[in-house]
Amino acid sequence: MVKGFLTTHILDTARGCPAAGLDICLYSVNDQEVTELARMTTNADGRTDSPILPADNFRTGSYQLVFAAGDYLRAQGLAEDILFLDEVIIRFGINDAGQHYHVPLLLSPYGYSTYRGS
């Protein structure tokens, strides 16, 4: 059986380009206990250089991605003094460790969208 892995791709919809330099943290979630598994930063294409959760560590369960949107938006000059969006937290489940899970983020200063991609 092929083992799965987790990836993301972040697009800055306000500027119409990939969100380069955006920090991401991945956590596992068991009941209300949250454990950090990985920290990464997006590259020039708005992706991480390697899977956020590689095949060797891929397990079923609940996870949480935290995107440091506020820091990114400030660095791009797109944020006001008080941010509408700061950390974007997406909690999701992996129920098949043999599949690829892709959690993209479309980001602007006042909204975001995500979905399970391919």
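Above: the structure in question.
As the structure is a prediction and not an experimental result, all values here were calculated from the model.

Trainee: I would appreciate a short explanation of the nonpolar core in the present structure.
Mentor: One recurring pattern in soluble globular proteins: nonpolar side chains tend to sit buried together. Counting residues in hydrophobic clusters, the biggest one holds 27 residues, and the most contacted among them are Leu6, Leu22, Leu26, Leu65, Phe67, Phe92 and Leu107. For this core, the secondary structure elements donating two or more residues are β4 (23-30), β5 (33-41), β6 (61-68), α1 (69-75), β7 (87-94) and β9 (105-108). Here this core gets 4 residues from one element, more than from any other, and that element is β7. If we ignore the near neighbours within four places in the chain, the residues touching Leu26 are Leu6, Thr35, Glu36, Leu37, Ala38, Ile52, Leu53, Tyr63, Gln64, Leu65 and Phe92.

Trainee: What should I look at first to understand the pattern of salt bridges in this one?
Mentor: Under the definition given, this model contains 4 salt bridges. The closest approach of N and O atoms between Asp45 and Arg47, which form a salt bridge, is 2.8 Å. Between Asp71 and Arg74 there is a salt bridge whose closest N-O contact spans 3.3 Å. Placement of the pair is Asp71 and Arg74 together in helix α1, with a separation of 3 residues, close to one helical turn. Assessed through its relative accessible area of 48%, Asp71 is described here as partly exposed. Judged by relative accessible area, Arg74 falls into the partly exposed class, the value being 43%.

Trainee: How do you make sense of the pairing of β4 when you look at a structure like this?
Mentor: Each regular strand shows side chains that alternate between the opposite faces of the sheet. For β4, the buried fraction is high: 6 of the 8 residues fall into the buried class. Taken together, the 8 bridges between β4 and β5 define a ladder with antiparallel strand orientation. What sits directly across from Cys25, in β5, is Arg39. Here β4 hands over to β5 after 2 residues, with Asp31 in that stretch at a positive phi of 55 degrees. With 6 bridges joining them, β4 and β6 adopt antiparallel strand pairing. Paired with Leu26 across the strands is Leu65, a residue of β6.

Trainee: It is not clear to me how the sheet that holds strand β2 (residues 10-12) should be interpreted in this structure. Could you clarify?
Mentor: Sheet strands associate in pairs through backbone hydrogen bonding, adopting either a parallel or an antiparallel arrangement. Taken in spatial order, the 4 strands of this open sheet run β3-β2-β9-β10, and their pairing is mixed. Across the chains shown, the open sheet's two edge strands, defined by having one partner strand only, are β3 (17-18) and β10 (111-114). Bridge count between β2 and β3: 2 bridges; the pairing is antiparallel. Residue Asp12 lies in a different strand from β3, and its bridge partner there is Cys17.

Cut-offs applied
- Residues numbered from 1 in each chain as written.
- Predicted model: local features only at pLDDT ≥ 70, side-chain atom pairs only at ≥ 80, totals over all residues.
- Heavy atoms only, no water.
- Core = buried A, V, L, I, M, F, W, Y, C linked by side-chain atoms within 4.5 Å.
- Buried < 20%, exposed > 50% of the residue type's maximum accessible area, 1.4 Å probe, protein only.
- Helix = DSSP H or I, 4+ residues; strand = E, 2+ residues; numbered from the N terminus.
- Contact = heavy atoms within 4.5 Å.
- Salt bridge = Lys/Arg side-chain N within 4 Å of Asp/Glu carboxyl O.
- Pairing = 2+ DSSP bridges.

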